[in-house]
Amino acid sequence: MAGIRVNTGIKRIEVNDNGDYITLSLDDNAFLERFFALYENSQKLAEEAAGKENAIRQKYEDSGDQNTFLRETFSMYAEVSAAMMAEVDGLFGNGTCKKVFGGITPGFELYMDFFEQLRPYLEEFAKEKNQRMSRYSAARTGNV
């Protein structure tokens, strides 16, 4: 018996020199919604972290205790990065951050770079989807 297969838009993207990859479920509207929510949340977390850093800076401004200032600042950024790692791994699959960033705790600039490198895949998908959808227009299928 003949079967059918539906292209669900799964896109495999290599993310390191070891051949590891992540998958984008581009035809899954929930995935795309979660991706853009993650992107927006990362920007919000970056702004909040900058505010927290400023508060820490003011706290140690007159103390001259540079070591404690730096320790507290980097600890705060590590906490925020851990939250981002959990969100990225939650969307793309457990272990994604390790594949993409190696064994480091990445800063926001690395997350933004990661998201920006995914942008061309999303743009390509949007073009392909528009082309596929045009096949089903009312004028083309005779449902005028």
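Everything quoted here is computed from the prediction, not taken from an experiment.

Here we look at the environment of R57
Now for step 1: With respect to the helices, strands and loops of the structure, R57 is situated in helix α1 (residues 29-59).
Now for step 2: Judged by relative accessible area, which is 40%, R57 ranks as partly exposed.
Now for step 3: When the C-alpha positions of R57 and F69 are compared, they lie 6.8 Å apart, and in sequence the two are 12 residues distant.

Overview of the pairing of strand β2 (residues 21-25)
Now for step 1: Two elements, strand β1 (residues 10-14) and β2, share 5 bridges in a ladder whose sense is antiparallel. Looking at β2, one finds that E14 is bridged to Y21.
Now for step 2: Here β1 folds back onto β2 in antiparallel fashion, the turn holding 6 residues, of which G19 has a positive phi close to 85°.

Let's talk about the nonpolar core
Now for step 1: Counting 29 residues, the largest nonpolar core has L24, M84, V88, F92, F114, F115 and L118 as the members making the most contacts within it.
Now for step 2: Counting only elements with at least two residues in this core, the list comes to β2, α1, α2 (66-92), α3 (96-101) and α4 (108-134).
Now for step 3: The element contributing the most residues to this core is α1, with 8 residues.
Now for step 4: Not counting the four nearest positions on each side in its chain, F114 is found in contact with I22, V88, F92, V100 and F101.

Some details on the environment of S42
Now for step 1: Mapped onto the elements of the fold, S42 is located in helix α1.
Now for step 2: Beyond its immediate chain neighbours, meaning those up to four positions away, S42 contacts M84, F108, M112 and F115.
Now for step 3: At 2.6 Å, the side chain of S42 forms a polar contact with the backbone oxygen of Y39.

Comments concerning the confidence of the model for the protein
Now for step 1: For the protein, per-residue confidence averages 89 on the pLDDT scale, and residues scoring 70 or more make up 94% of the total.
Now for step 2: Predicted confidence in the protein is weakest over helix α5 (residues 138-141), with a mean pLDDT of 60, and strongest over α3, with 97.

A short note on α4
Now for step 1: Look at α4: 39 Å from first C-alpha to last across 27 residues, which is about the 39 Å you get at 1.5 Å a residue.
Now for step 2: The principal kink in α4, of about 30°, is found at R119, preceding the proline P120 by one to four residues.
Now for step 3: Those residues of α4 that fall on the buried side of the exposure criterion are F108, Y111, F114, F115, L118, L122 and F125.
Now for step 4: Buried-residue contacts for α4 involve β1, β2, α1, α2 and α3.

Focus: the packing of aromatic side chains
Now for step 1: Overall, the coordinates contain 10 aromatic pairs when judged by the stated rule.
Now for step 2: Where F92 meets F114, the ring centres are 5.5 Å apart and the plane angle is 75°; that geometry is what we call edge-to-face. On the criterion of sequence distance, the pair formed by F92 in helix α2 and F114 in helix α4 is long-range, its members being 22 residues apart.
Now for step 3: Take F114: its relative accessible area is 8%, and that puts it in the buried class.

Rules and cut-offs
- Residues numbered from 1 in each chain as written.
- Predicted model: local features only at pLDDT ≥ 70, side-chain atom pairs only at ≥ 80, totals over all residues.
- Heavy atoms only, no water.
- Helix = DSSP H or I, 4+ residues; strand = E, 2+ residues; numbered from the N terminus.
- Buried < 20%, exposed > 50% of the residue type's maximum accessible area, 1.4 Å probe, protein only.
- Pairing = 2+ DSSP bridges.
- Core = buried A, V, L, I, M, F, W, Y, C linked by side-chain atoms within 4.5 Å.
- Contact = heavy atoms within 4.5 Å.
- Polar contact = N/O pair within 3.5 Å; in protein donor to acceptor, adjacent residues only side chain to side chain.
- pLDDT = per-residue confidence, 0-100.
- Expected span 1.5 Å × (residues − 1).
- Bend = angle between axes of the 7 residues up to and from the residue.
- Phe/Tyr/Trp six-rings, centres within 6.5 Å; stacked < 30°, edge-to-face > 60°.

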